[in-house]
Amino acid sequence: MQKQCKIMNVQEVAKFLGVGYDKALQLLHYEIPSFNLGRKIVTTEEAVLEWIEEQLKKDKKRKRSFRQAYPFFFKDKDVE
C-alpha cells in the first residue's frame, strides 16, 4: 500500500513555518525541495519536515555554548 503524503502550496508552507508568503516562496525556490503542479509551486509536508530537521542539525553544529562564546564573562566566576 502506498503512503499518502500531504501536498502543500506556498500559503500552507508559510502558515506551517510561521513566515510570510515571500519568504516561503524563496525557501521553496532555493532550499525546500518543491515542484510545479500546473502554475502552482508545491511541496510535500514530509519534504518540509526533513528540511526543518536539516536546519536543526546545522544549527547544533554551529552553536556554541554561552560560556564558549563569552569566556571573559566567566573569568571571575570560575570554580574556586
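Residues numbered from 1 in each chain as written. Predicted model: local features only at pLDDT ≥ 70, side-chain atom pairs only at ≥ 80, totals over all residues. Heavy atoms only, no water.

J.: Is there a simple way to think about the sheet that holds strand β3 (residues 40–44) in this case?
T.: Across a sheet, strands are paired by hydrogen bonds formed along the backbone, either parallel or antiparallel in direction. Judged by pairing direction, the sheet is antiparallel, and its 3 strands sit side by side in the order β1-β3-β2 without closing on themselves. What marks the edges here is a single partner per strand, and that holds for β1 (7–9) and β2 (35–37). When strand polarity is set aside, the average angle formed by the axes of neighbouring strands in this sheet is 50 degrees. The pairing of β1 with β3 spans 3 bridges and is antiparallel. Each bridged residue has a counterpart across the sheet, and for Asn9 the counterpart in β3 is Val42. Contacting β1 and β3, helix α1 (residues 10–17) crosses the sheet at an angle of about 90 degrees to β1. (Pairing = 2+ DSSP bridges. Helix = DSSP H or I, 4+ residues; strand = E, 2+ residues; numbered from the N terminus. Axes fitted to C-alpha atoms, helices over the stretch in contact; angles between N-to-C directions. Contact = heavy atoms within 4.5 Å.)

J.: Is there a simple way to think about the side chain of Thr43 in this case?
T.: In this structure, Thr43 sits in strand β3. Within polar-contact distance, the side chain of Thr43 engages the backbone oxygen of Pro33 at 2.5 Å. For Thr43, the residues in contact, after removing those within four places along its chain, are Lys6, Ile7, Met8, Val13, Leu28, Ile32, Pro33, Ser34, Phe35 and Val48. (Polar contact = N/O pair within 3.5 Å; in protein donor to acceptor, adjacent residues only side chain to side chain.)

J.: Would you explain the nonpolar core in this entry?
T.: As a rule of thumb, soluble globular proteins bury nonpolar side chains together. Among the nonpolar cores identified, the biggest contains 11 residues, and these are Met8, Val10, Val13, Ala14, Ala24, Leu27, Leu28, Ile32, Ile41, Val48 and Trp51. Of all the secondary-structure elements, those providing two or more residues to this core are α1, α2 (21–30) and α3 (45–62). Among residues more than four places away in sequence, those in contact with Val13 are Met8, Ala24, Leu28, Thr43 and Val48. (Core = buried A, V, L, I, M, F, W, Y, C linked by side-chain atoms within 4.5 Å. Buried < 20%, exposed > 50% of the residue type's maximum accessible area, 1.4 Å probe, protein only.)

J.: What is the right way to read the packing of α1 against α2 from this model?
T.: It is at 8 Å that the axes of α1 and α2 come closest, and there the two elements cross at 105 degrees. Compared by their axis directions, α1 and α2 come out roughly perpendicular. Packed against α1, whose contacting residues are Val10, Gln11, Val13, Ala14 and Leu17, the element α2 presents Tyr21, Ala24, Leu25, Leu27 and Leu28 at the interface. Tallied by class, the residues present in the contact of α1 with α2 amount to 9 nonpolar, 1 polar and no charged. (Parallel < 35°, antiparallel > 145°, perpendicular 65-115°, else oblique. Nonpolar A, V, L, I, M, F, W, Y, C, P; charged D, E, K, R; others polar.)

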